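One-letter residues, chain by chain:
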Amino acid sequence: MKFSQRYGHARLPESLGPEDMPDALHNSLWNLVDDWREGLRSQEEPFLRSVWRNFWKIAADRMPINRGPGGIFFRDAWQRVRDRFFGDEWFYVYDFLEFIMCYFDRDGHFAAAANAILGRELAAYRVIDKQFVQITDGEEVAALVSALSHRGPFAGVSEHLSRALSHLSHRTDPDYRNSIKESISAVEAAAKVVSGDDKATLNKALVVLERQGKLHPCLKKAYSALYEYTNDADGIRHALMDEPNLTAADAKFFLLACTSFVNYLKALI
C-alpha cells in the first residue's frame, strides 16, 4: 500500500467500494464482452437487435448496419454498445452484463468468466444465479479506512491491517495466506492495547473488558471461541494456512471481519 493510502491522503483501492468502477475492472469486463462477441457468429445480429429492442428499448430500425461487398457488418452498432459501456454510470456495466448472462449465456461460461474477473479485481460484487450480488458495502469500507488511520497506541494495529490489504490487493502476486495472518495479527495487537499488557492474548483482553463491565459475557464467549478456532491445531493458522486454494474472498472476509473487531475493541476503551 502506498504511503498516501496508509496515512489517509488517498483513497483505498477503488474496487473495494460498492459504487466504484476502476479502470482495471472496467476494461477487464469490456474485454470479456469483446472476446465473447467473437463467438456469436450467426447470433450477432439477433443479439444486437435484442440490445436495441429489449435492453435499451429504442427503435431497432435505427440500429446502424454496415453493408459492403463482403456482406453485412455491425461495426458501428458495436461502437454504440462500447460507447454506452464506457460512457454511462458505473451501474450500467452490471446491468448490461446481467442482460447478457440472463438471455445469451446458456452454458454459464460468460458468468463464470465475469466472476473470475470480479474476484481478481477485488470487486464489491459476485455473480450468483446470473445476478450481481453485493459482498462489500460502504460501511465496511468506511470501517477499514477508519482502522487504517489509527494512531497513537493503535499504530501497530493499523500497520498489520495495511500489510493485510497490501498482500490482498497486489495486482501481480497476491498473497492471501499472509493477508489473513496479518488481519488476525491486527486483532491481537488491539488486544494488547485494550488490556494494557503487551504480552496479552485476545482472550486475556476480553477477560479484562468483561471485568470492567464493557463486554457482555455472551459476546466475550463468542469472540473467545472465534479466536480459539484461529489458533487451534485445525484452525486458520494451521490447517487453513497450509491450504493452496485460499482465495481473494477468504482473505477479504478476514480483513473486513478483523477490521470490524478491531474497531469494536477500540470503542470499548
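Predicted model only: the values in this text are computed from it and were never measured. (Residues numbered from 1 in each chain as written. Predicted model: local features only at pLDDT ≥ 70, side-chain atom pairs only at ≥ 80, totals over all residues. Heavy atoms only, no water.)

K.L.:
Is there a simple way to think about the overall build of the protein chain in this case?
P.N.:
The secondary structure content of the protein chain amounts to 12 helices and four strands. Split into buried and exposed, the 269 residues of the protein chain put 43% on the buried side. Of the contacts made within the protein chain by residues no fewer than 6 positions apart, 63% connect residues no fewer than 24 positions apart. Of the roughly 14,500 Å² that the protein chain leaves accessible, carbon and sulfur atoms contribute 49%. (Helix = DSSP H or I, 4+ residues; strand = E, 2+ residues; numbered from the N terminus. Buried < 20%, exposed > 50% of the residue type's maximum accessible area, 1.4 Å probe, protein only. Contact = heavy atoms within 4.5 Å. Areas by Shrake-Rupley, 256 points an atom, 1.4 Å probe, with all protein chains shown as cover.)

K.L.:
What exactly am I supposed to notice about the packing of aromatic side chains here?
P.N.:
Each pair of aromatic rings is reported with the distance of its centres and the angle of its planes. Under the definition given, this model contains 23 aromatic pairs. Between Trp 90 and Phe 91, the ring centres sit 5.6 Å apart and the planes meet at 80°, which makes this aromatic pair edge-to-face. On the accessibility criterion, Phe 91 (41% relative accessible area) is partly exposed. Residues Trp 90 and Tyr 94 carry aromatic rings whose centres are separated by 6.2 Å and whose planes lie at 80° to one another, so their mutual orientation is edge-to-face. You can see Trp 90 and its partner Tyr 94 sitting in helix 5 (residues 90-104), four residues apart, about one turn around the helix. Take Trp 90: its relative accessible area is 22%, and that puts it in the partly exposed class. (Phe/Tyr/Trp six-rings, centres within 6.5 Å; stacked < 30°, edge-to-face > 60°.)

K.L.:
Got a minute to help me understand the packing of helix 8 (residues 155-169) against helix 9 (residues 176-195) in this structure?
P.N.:
Helix packing geometry: the angle between the two helix axes and the distance between the axes. Relative orientation of the contacting elements helix 8 and helix 9 amounts to 165°, with a least axis distance of 8 Å. Judged by the inter-axis angle, helix 8 sits roughly antiparallel to helix 9. Like other packed secondary-structure pairs, helix 8 and helix 9 cross with a definite hand, here left-handed. On helix 9, the residues touching Val 157, His 160, Leu 161, Arg 163, Ala 164, His 167 and Leu 168 of helix 8 are Tyr 176, Asn 178, Ser 179, Glu 182, Ser 183, Ser 185, Ala 186, Ala 189 and Ala 190. Classifying every residue of the contact of helix 8 with helix 9 by side-chain character gives eight nonpolar, six polar and two charged. (Axes fitted to C-alpha atoms, helices over the stretch in contact; angles between N-to-C directions. Parallel < 35°, antiparallel > 145°, perpendicular 65-115°, else oblique. Left-handed = near helix turned anticlockwise from the far one by under 90°. Nonpolar A, V, L, I, M, F, W, Y, C, P; charged D, E, K, R; others polar.)

K.L.:
Teacher, can you tell me more about unusual backbone geometry here?
P.N.:
Working note: non-glycine residues mostly have negative phi, and peptide bonds are mostly trans. If you check the backbone angles, Arg 41 has positive phi at about 50° while not being a glycine. Within the secondary structure layout, Arg 41 lies in the loop between helix 2 (23-37) and helix 3 (44-55). Under the relative-accessibility criterion, Arg 41 is labelled exposed at 73%. Located in the positive-phi region is Lys 130, a residue other than glycine, with phi close to 65°. Along the chain, Lys 130 turns up in the loop between strand 3 (125-128) and strand 4 (131-134).

K.L.:
Honestly, the pattern of salt bridges in this entry has me stumped. Any pointers?
P.N.:
Between side chains of opposite charge, a pair can form as their charged atoms come close. Counted according to the given criterion, the structure contains six salt bridges. With its nearest N and O atoms 2.9 Å apart, the salt bridge here joins Arg 37 to Asp 34. A residue pair is termed a helical-turn pair when its members lie 3 or 4 positions apart in one helix, as Arg 37 and Asp 34 do in helix 2 at three residues. Accessibility expressed as a relative area gives 24% for Asp 34, which makes it partly exposed. With a shortest N-O distance of 3.8 Å, Asp 76 and Arg 75 are connected by a salt bridge. The exposure class of Asp 76 is partly exposed, given its relative accessible area of 33%. Overall, Arg 75 belongs to the exposed group, its relative accessible area being 56%. (Salt bridge = Lys/Arg side-chain N within 4 Å of Asp/Glu carboxyl O.)

Don't take any of this as a statement about function, it's just geometry.
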